[in-house]
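Here is how the chains run, residue by residue.
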Amino acid sequence: MEVKAISDDIFSHFTSSSYVLLDADSGTVLVSKNPNQKMQVASICKLMTSLITLEKIDAGELKLTDEIVASEHAASMEGSQAFLDAGSSYTVSDLLKSVIVASANDSAVVLAEAISGSESAFVSDMNNRAKELGMNNTVYANATGLPAPNQYSTAMDTSIILKEVAKHELYVNDSNIWMDSLTHPSGRKTELVNTNRLIKYYDKCKTGKTGFTDEAGYCLATTATNGNLNLVAVTLKCYEAQDRFKESIDLYNYGFANFENKKIIDSSVALENQIKVNGGKTDFAQIGFKNDFSAVAKKGDKSNYDVKINIAKSVKAPMQENAKVGVATIVKDGKVVGEVDIVLKQKLEKQNFKDILNKIANNWAIS
């Protein structure tokens, strides 16, 4: 979904070759330029490296306290580094933090090798995960974002991966570290300085990732929040380092000044409807919305949203709580803008012989 917001003239001073500003919750694009143009995005590729690492941690396949030996290949990486010592062991926690805060290429490769056995195998995992997320204009060639002729992404795809990574509290917390240090087994220290200035100088910024190579230019992907409006801004291939920060702030200022978030469905509010239960301990069950639904709109927009509810006439026990029993369709100006599942708000247990006798007895008493 896209809001035809403004003329591009307001952003004519931008140096970025591609940019996009969108509502993080609904995915609505508020303004963009060449959002699907394929280009190298440098260290923004490490968003995927970080995501896969975080998902392995969540799955219990990797622990933050695990120690990994830095290979010669990893320690030989150029560009941004944690200056790891080949043959030395580092914790997953320290490696991941150095990737998120300081965009360390050597640490990224150490994690890749530990997770998939080799960087090339990890790249295959990166590309598979990109497809799962719907990043159809992205191809990875390494775990770092260092220049490669067959490696590219887009502003839109970058927004997808950033939103996914931002679901992980560990990433958000580490991305807000301004300065830290990595202590090597030898006692030597490497200073870690955050490359995302918005974390320090723009109080609405929540998380993000920078990128730079000569080929990619200066890139930035961030999220920012003001009230209940959550936005994502991506600027790719800016001329100068400061341009990506200035242009991202310009995008955010425009978004927060001109748009608002309207909650159309509140999942905390119970539906008055009940659904008939066949063969259950109870004859009727409580139902409700599975999740909230919000829509971003221009301030002053008086358009109304209609919610059309379609629920099954009955269900058969047993069924688990949160099982889908219907759908709510959200319509604006005659067009469907979203759907929310309607689910059971209780577990339905199958009736036994005693329950049947009790129901017969109750019915007899009533009659």
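Residues numbered from 1 in each chain as written. Predicted model: local features only at pLDDT ≥ 70, side-chain atom pairs only at ≥ 80, totals over all residues. Heavy atoms only, no water.

Novice: Got a sec to walk through the pattern of salt bridges? Specific residues and values, please.
Specialist: Using the criterion set out here, one finds 11 salt bridges in the structure. Residue R129 pairs with E55 through a salt bridge whose shortest N-O separation is 2.9 Å. Of this pair, R129 sits in helix 5 (residues 119-132) while E55 sits in helix 1 (residues 46-58), and the two are 74 residues apart along the sequence. By relative accessible area, which is 23% here, E55 ends up partly exposed. A salt bridge links D301 to K332; its shortest N-O distance comes to 3.1 Å. Of this pair, D301 sits in the loop between strand 13 (293-298) and strand 14 (305-311) while K332 sits in strand 16 (residues 324-332), and the two are 31 residues apart along the sequence. By relative accessible area, which is 22% here, D301 ends up partly exposed. We classify K332 as buried; its relative accessible area is 15%. (Salt bridge = Lys/Arg side-chain N within 4 Å of Asp/Glu carboxyl O. Helix = DSSP H or I, 4+ residues; strand = E, 2+ residues; numbered from the N terminus. Buried < 20%, exposed > 50% of the residue type's maximum accessible area, 1.4 Å probe, protein only.)

Novice: So what about helix 1? Which residues, and what values?
Specialist: Look at helix 1: 18 Å from first C-alpha to last across 13 residues, which is about the 18 Å you get at 1.5 Å a residue. A large share of helix 1 lies buried, amounting to 10 of its 13 residues. Listing the buried residues of helix 1 in full gives K46, L47, M48, T49, S50, L51, I52, T53, L54 and I57. Buried positions along helix 1 lie against helix 3 (92-102), helix 4 (105-116), helix 5, helix 6 (155-165), helix 7 (169-175) and strand 7 (205-213). (Expected span 1.5 Å × (residues − 1). Contact = heavy atoms within 4.5 Å.)

Novice: Residue-level account of the layout of surface pockets, with values.
Specialist: The volume enclosed by the largest pocket comes to roughly 220 Å³. Lining the largest pocket are 17 residues; nearest its centre among them are S43, S80, S103, G211 and F212. By residue number, the principal contributor to the lining of the largest pocket is strand 7, which donates five residues. Looking at the lining of the largest pocket residue by residue, the classes come out as four nonpolar, 11 polar and two charged. (1 Å grid on protein atoms, 1.4 Å probe; cavity = no way out; pocket = protein on both sides within 12 Å on 5 of 7 lines; lining within 4 Å. Points joined across faces, edges and corners; volume = space filled by probe spheres on them. Nonpolar A, V, L, I, M, F, W, Y, C, P; charged D, E, K, R; others polar.)

Novice: Could you give an account of unusual backbone geometry, naming the residues involved and the relevant values?
Specialist: With an omega of 5°, the peptide bond running from A317 to P318 counts as cis. One can find P318 in the loop between strand 15 (314-316) and strand 16. A positive phi angle, close to 50°, is found at N34, a residue other than glycine. Its place among the elements puts N34 in the loop between strand 2 (29-33) and helix 1. Residues other than glycine seldom take positive phi values, yet A42 does so here, at roughly 55°. Its location among the elements puts A42 in the loop between strand 2 and helix 1.

Novice: Describe the sheet that holds strand 11 (residues 274-278), listing the residues and the values that go with them.
Specialist: Remark on secondary structure: sheet strands pair via backbone hydrogen bonds, oriented parallel or antiparallel. A sheet is described by the order of its strands in space; here six strands give the open sequence 14-16-17-12-11-15, paired in mixed fashion. Of all strands in the sheet, those bounded by a partner on one side alone are strand 14 and strand 15. Neighbouring strand axes in the sheet, compared pairwise and without regard to direction, differ in orientation by 35° on average. (Pairing = 2+ DSSP bridges. Axes fitted to C-alpha atoms, helices over the stretch in contact; angles between N-to-C directions.)

Novice: Quick rundown of helix 6? Include the residues and the values.
Specialist: Across the 11 residues of helix 6, nine count as buried, placing the element largely inside the fold. Looking at helix 6, one finds that the buried residues are A155, M156, D157, T158, S159, I161, L162, E164 and V165.

Novice: I'd like a description of the side chain of S43, backed by residues and values.
Specialist: Along the chain, the position of S43 falls in the loop between strand 2 and helix 1. Among the polar contacts listed, one links the side chain of S43 to the side chain of K46, at a separation of 2.6 Å. Here the side chain of S43 touches S103 through a polar contact of 3.1 Å, side chain to side chain. Setting aside chain neighbours within four positions, we find S43 in contact with S103, N105, T144, G145, K209, T210, G211 and F212. (Polar contact = N/O pair within 3.5 Å; in protein donor to acceptor, adjacent residues only side chain to side chain.)

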